[in-house]
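# Descriptive analysis of the structure
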Amino acid sequence: MAYAPDDPRAALAAKQAGAAADPHAPIAAPEYYDFSGSGPDEVSADGSRTWIVRGQNVVLLYTRAVPGERLARDGQRDEYVVVLPHDDAKVVIESGGTIETVTGKSVAIVPPGDSAITIESATDIVRLFTPHNDDLAGRARNADSYAAPHPRVALLEEWPEPAGGDRLRVYSGIADIERSPDRLGRIFRSRAFMVNFLYHYDGPRDATKLSPHDHADFEQLSLAVSGEFEHHIRTPWTKSRTAWREDEHVRLGSPSVAIIPPPTVHTSEASGHGRNQLLDIFAGPRRDFSAKRGWVLNAADYPEPGDLEVR
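We now turn to the structure provided with this report. On a predicted model such as this, the values are computed, not experimentally measured, just so you know.

Taking strand neighbours across the sheet as the criterion, the three strands line up as 18-17-20 in an open arrangement whose pairing is antiparallel. Edge positions in the sheet fall to strand 18 (248–252) and strand 20 (265–270), since each of these pairs with one other strand and no more. Taken pair by pair, the neighbouring strands of this sheet meet at an average axis angle of 15°, ignoring direction. Note: strand 17 (residues 229–234) against strand 20, six bridges, orientation antiparallel. Looking at the pairing, Arg-234 lines up with Val-265 of strand 20.

Quick look at the structure:
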């Protein structure tokens, strides 16, 4: 699918290189989870509410946290990512002897080992873990969807270790990062994940300027943190007519997650009349985005595999 000439993605390679999928393999169905219209999966003793969903390579916990809540991980086996999607956030993250107060729209990458997040203001907090964490993957409301790997999705391969070794890394001030016509959103990566903090829409997106496209072998989790979005998804035909699907046009409130499988054609349209904010999450990091100089804002901390060509 071609992007509009003024879309930064128009300069990407036509297809991201990846595993060659069987063209006749089943295509997973999209999944939609509107947390605004469903009860949480867990409620803490302090009253924080958490929704848990997963993709093939990621487990996402979305928590509406109350002040005083402590979100701890003891003996965590690998890095995890924390996303604070709102300006009202204030949390304290402790890890490896480091203590940092984090405010506003931010991304933090927490190293393996013991860690804790203390909530200091009522806010939403997103945590991303690999499915290697069985205690979390099994609690996802859609765990049964991934009882067997989806054949069209490449399995997770973690990227090189961070420069300077494992430590807590915090990227704040995201709200102050200005738009650039040469960059798509505000992208951060870890060894396992890539988060694109897209710029918001005030009111509905122009319906004549959508961007339908497809991915060769990776899922996209589109996380709406404010407003409403209509997700338009088309499943390509395979040789089996019994697997064909009608086009889907699903409107979700916020917070919500749409899990978009490859190789479906998709685009998301902001549809609320107020502020509409979407984050795109990928696991592992996208090689095509990483190959564009200046797109990944913490690239110096998280090097790419050596076979990527940087333009």
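Okay, the nonpolar core next. Within the largest apolar cluster, 31 residues are counted, with the highest numbers of intra-cluster contacts made by Leu-60, Tyr-62, Val-81, Val-83, Leu-128, Leu-223 and Val-257. In this structure Leu-60 touches Trp-51, Ile-52, Val-53, Val-126, Arg-127, Leu-128, Leu-221, Leu-223, Val-257 and Ile-281, once residues within four positions along its chain are discounted. Grouped together as the second largest cluster of nonpolar side chains are 22 residues, Tyr-80, Val-82, Ala-108 and Leu-168 included.

In this section: the layout of surface pockets. In this structure, the largest pocket occupies an estimated 900 Å³ of space. As for the largest pocket, its lining consists of 36 residues, of which Asp-7, Arg-9, Leu-184, Tyr-201 and Arg-205 are closest to the centre. Secondary structure elements with two or more residues in the lining of the largest pocket: strand 16 (220–226), strand 20 and strand 21 (275–283). The residue inventory of the lining of the largest pocket, partitioned by class, reads 13 nonpolar, 13 polar and ten charged.

Right, let's get into the side chain of Glu-69. Mapping Glu-69 onto the fold places it in the loop between strand 4 (59–65) and strand 5 (70–76). With no salt bridge to any partner, buried Glu-69 finds its closest opposite charge in Arg-127, at an N-O distance of 8.2 Å. Discounting chain neighbours no more than four positions away, the residues touching Glu-69 are Ser-44, Asp-46, Gly-47, Ser-48, Ile-117, Thr-118 and Ile-119.

A complete count under the given rule lists eight aromatic pairs for this structure. On the numbers, 5.9 Å between centres and 50° between planes, the contact of Phe-35 with Tyr-62 is tilted. Of this pair, Phe-35 sits in the loop between strand 1 (31–34) and strand 2 (42–43) while Tyr-62 is found in strand 4, placing the two residues 27 residues apart along the sequence. With respect to class, Phe-35 is no different from Tyr-62; both count as buried. Here the aromatic rings of Tyr-80 and Phe-129 are separated by 4.6 Å at their centres, their planes lie at 20°, and the arrangement is stacked. Of the two residues, Tyr-80 is situated in strand 6 (residues 80–84) and Phe-129 in strand 11 (residues 123–129); the sequence distance between them amounts to 49 residues. Residue Tyr-80 shares its accessibility class with Phe-129, and that shared class is buried.

Its location among the elements puts Arg-49 in strand 3 (residues 49–54). Its relative accessible area of 35% is what places Arg-49 among the partly exposed residues. Note: C-alpha distance between Arg-49 and Asn-133 (84 residues apart in sequence) is 20 Å. Once residues within four sequence positions are removed from consideration, Arg-49 is found in contact with Pro-40, Glu-42, Val-43, Tyr-62, Thr-63 and Arg-64.

Among the five residues of strand 19 (residues 256–260), five are classified as buried, and the element is accordingly described as predominantly covered. Going residue by residue along strand 19, you find Ser-256, Ala-258 and Ile-260 tucked away on one face and Val-257 and Ile-259 tucked away on the opposite face as well. As paired elements, strand 1 and strand 19 share four bridges and run antiparallel to each other. Of the residues in strand 19, the one forming a bridge with Tyr-33 is Val-257.

Below, the discussion takes up empty space enclosed by the protein. Using the criterion set out here, one finds three cavities of 30 Å³ or more in the structure. One number sums up the size of the largest cavity: a volume of about 60 Å³. Broken down by element, the residue count for the lining of the largest cavity peaks at three residues, all from strand 21. Residue composition of the lining of the largest cavity, by class: six nonpolar, two polar and one charged.

Inspection of the secondary structure puts Ala-28 in the segment before strand 1. Judged by its relative accessible area of 19%, Ala-28 falls in the buried class. Separated by 232 residues in sequence, Ala-28 and Ile-260 place their C-alpha atoms 8.8 Å apart. Those residues in contact with Ala-28, other than ones at most four positions away along the chain, are His-150, Arg-245 and Pro-261.

Rules used throughout
Residues numbered from 1 in each chain as written. Predicted model: local features only at pLDDT ≥ 70, side-chain atom pairs only at ≥ 80, totals over all residues. Heavy atoms only, no water. Pairing = 2+ DSSP bridges. Helix = DSSP H or I, 4+ residues; strand = E, 2+ residues; numbered from the N terminus. Axes fitted to C-alpha atoms, helices over the stretch in contact; angles between N-to-C directions. Core = buried A, V, L, I, M, F, W, Y, C linked by side-chain atoms within 4.5 Å. Buried < 20%, exposed > 50% of the residue type's maximum accessible area, 1.4 Å probe, protein only. Contact = heavy atoms within 4.5 Å. 1 Å grid on protein atoms, 1.4 Å probe; cavity = no way out; pocket = protein on both sides within 12 Å on 5 of 7 lines; lining within 4 Å. Points joined across faces, edges and corners; volume = space filled by probe spheres on them. Nonpolar A, V, L, I, M, F, W, Y, C, P; charged D, E, K, R; others polar. Lys, Arg positive; Asp, Glu negative; His and termini not counted. Salt bridge = Lys/Arg side-chain N within 4 Å of Asp/Glu carboxyl O. Phe/Tyr/Trp six-rings, centres within 6.5 Å; stacked < 30°, edge-to-face > 60°.

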